[in-house]
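Structural overview for review
The primary structure of each chain is shown beneath.
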Amino acid sequence: MEVGPRDGLQNEAARISTDAKIAFVDRLSAAGLRHIEVSAFVSPKWIPQLDDAGEVFAGITRRPDVRYSALVPNMKGLERAQAAGVTDVAIFVAASETFSQRNTNRTIDASVQTSREVALAALAAGLRVRGYLSTAFGCPFEGPVPVERVVTLTRQLVDMGVFAVAVSDTIGVAHPGQVRALLPELLAAVSPTDLALHFHDTRGTALANVLAALDFGITTFDASAGGLGGCPYAPRATGNLATEDLLYMLHGLDIETGVDINAVSDAALAMAPHVGHPLASRYTQTR
Ligand code: HMG
Ligand code: MG
């Protein structure tokens, strides 16, 4: 699951043109990625970087075999997404109160309620819905997050009818020991196909976390071309695990992905002048 155009670009300081975003998405789909999170219909006051979500969706070349999704925080976001012809949306809930407040100005309970309304309406309209559970491995404000809360919220998201919950390490603090401790608890409540894992790479443990999760039958991992990304409401969190770095490891393990690693790396390199800083991806840095 490629999240660079959304999770990556939402946290870039530079103003990136709509044309550059469109070209980025098209390069990623041409590279063989089959699920791309294109943008977010969130409040433009909160995330000005993605205030052109509708224009990006209007400009991309939609391939029939690719799913293009958008993050939506509320009914207004869903309406904007539908007006842009979006068929896949993602709802998001946090596992810690402080992050929930900082990121969406509401409590976890209120967020669950809003997400349920959005999911019901989206499913009724024939859309596919993905869920995210943020701060599942730790909160930038509160520190450790209780495992029972992570399991309960994941189960609640699955019960809303989402096709998968991306259990997310928003700030990149997870390590393989934590993955090995959390997954058995989660898999007692939901099946491996209900889950995806979304790692940020702040402390360099994201790939090790993927390797640990593969042993539990998890087959969907979120990543961002070039390792772009972060969350503006999670201080010090860096980018997502880089897609190229993930592909390098998976291909080395003889796991087929259908994705051309150098084409992803080229897509990231084409974005580098726009973001104005070197890319975090180790693969792309050392090609
Ligand atoms: P709020 O200010 O409390 O919203 O924000 P409100 O409902 O009180 O409305 C205030 C104004 O915003 C109104 O406009 C609304 O119409 C407008 P006004 O009447 O003042 O002119 N508004 C909107 N406009 C456009 N689109 C919308 C929308 N909603 C309201 N959808 C809200 C609450 C949830 C909207 C806001 O806090 C928000 O957008 N938060 C999103 C922040 C965000 O995008 N964070 C990053 C994504 S999450 C993430 O990165 C984590 C993830 O990667 C997984 C992981 O790593 O953990 C997914
Ligand atoms: Mg994220």
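Figured I'd write up the structure that's included with this text. What you are looking at is a predicted structure, and each value in this text was computed from that prediction instead of being measured.

A few points about the pairing of strand E2 (residues 67-71)
Burial analysis of E2 places 4 of its 5 residues in the buried class, the great majority of the element. Direction of pairing for strand E1 (residues 35-40) relative to E2: parallel, over a ladder of 5 bridges. Looking across to E2, one finds that Glu37 is bridged to Ser69.

Some details on the environment of Ala212
Secondary-structure assignment places Ala212 in helix H9 (residues 206-214). Note on Ala212: relative accessible area 2%, which makes it buried. Taking the C-alpha atoms as reference, Ala212 lies 6.6 Å from Arg180; in sequence the two are 32 residues apart. Among residues more than four places away in sequence, those in contact with Ala212 are Pro176, Val179 and Arg180.

Observations regarding helix H6 (residues 108-124)
With 17 residues, H6 extends 24 Å between its outermost C-alpha atoms, agreeing within 8% with the 24 Å of an ideal straight helix rising 1.5 Å per residue. For H6, the complete set of buried residues consists of Ile108, Ser111, Val112, Thr114, Ser115, Val118, Ala119 and Ala122. Looking at the buried residues of H6, the elements they touch are helix H4 (75-83), strand E3 (88-94), helix H5 (97-104), strand E4 (128-134) and helix H7 (147-159). Count one or two residues on from H6 and you reach Gly126, which has phi positive near 85°.

Focus: H4
Residues of H4 that are buried: Gly77, Leu78 and Ala81. Seen from one end, H4 has its buried residues packed into an arc of 100°, which puts them on one side. Residues of H4 that are exposed and point over 90 degrees away from its buried face: Lys76 and Ala83. On its buried face, H4 is in contact with E3 and H6. Just beyond H4, the residue with positive phi is Gly85, at close to 75°.

Topic: the site of ligand 1
For ligand 1, the set of nearby residues contains 28 residues, the closest of which are Gln10, Arg80, Asn105, Ser134 and Thr170. Take Asn74: an N or O atom from its side chain is 2.8 Å from a nitrogen atom of ligand 1. Contact distances for ligand 1 include 2.8 Å between an oxygen atom and a side-chain N or O atom of Ser134. Look at ligand 1: alone it shows 1,100 Å² of surface, and the protein chains cover 75% of it.

Re the pattern of salt bridges
Enumeration according to the criterion identifies 11 salt bridges in this entry. Taking the shortest distance from any N to any O, the salt bridge between Asp201 and Arg282 comes out at 3.3 Å. With Asp201 in the loop between strand E6 (195-199) and H9 and Arg282 in helix H12 (residues 282-285), this residue pair connects regions lying 81 residues apart in the sequence. Looking at Asp201, the relative accessible area reads 16%, which means it is buried. Salt bridges linked by common partners bring Arg6, Asp7 and Glu37 together as one network.

Here is what the cut-offs are and how they apply
Residue numbering note: each chain is counted from 1, following its sequence as written. Key to labels: chains lettered from A, ligands numbered from 1, both in the order written. Local features in this predicted model are restricted to residues of pLDDT 70 or higher, and side-chain atom pairs are both shown and tallied only at a pLDDT of 80 or more, whereas totals for entire chains, interfaces and linings draw on every residue. With hydrogens and water set aside, each side-chain value is computed from the structure's full complement of heavy atoms. Categorising residues by exposure relies on relative accessible area from a 1.4 Å probe, with only protein chains included: less than 20% of the type maximum marks a residue as buried, more than 50% marks it as exposed, and the intermediate range marks it as partly exposed. A run of H or I in DSSP becomes a helix once it reaches four residues, and a run of E becomes a strand once it reaches two; helices and strands are each numbered from the N terminus. Two strands form a pair only when DSSP identifies at least two bridges running between them. Whether two residues are in contact is decided by their heavy atoms, any of which lying within 4.5 Å being enough. Every helix has an expected span of 1.5 Å times one less than the residues it contains. Our arc is simply the arc of the directions from the helix axis toward the C-beta atoms. The rule for a residue being near a molecule or strand is that one of its heavy atoms must lie within 4 Å of it. N or O atoms within 3.5 Å of each other form a polar contact, as long as, within protein, one can give a hydrogen and the other can take it, and as long as residues adjacent in sequence are counted only when both atoms are side-chain atoms. Per-residue and other accessible areas were derived by the Shrake-Rupley procedure at a 1.4 Å probe size, with only the shown protein chains allowed to occlude residues. Salt bridges are identified by distance alone: a Lys or Arg side-chain nitrogen within 4 Å of an Asp or Glu carboxyl oxygen.

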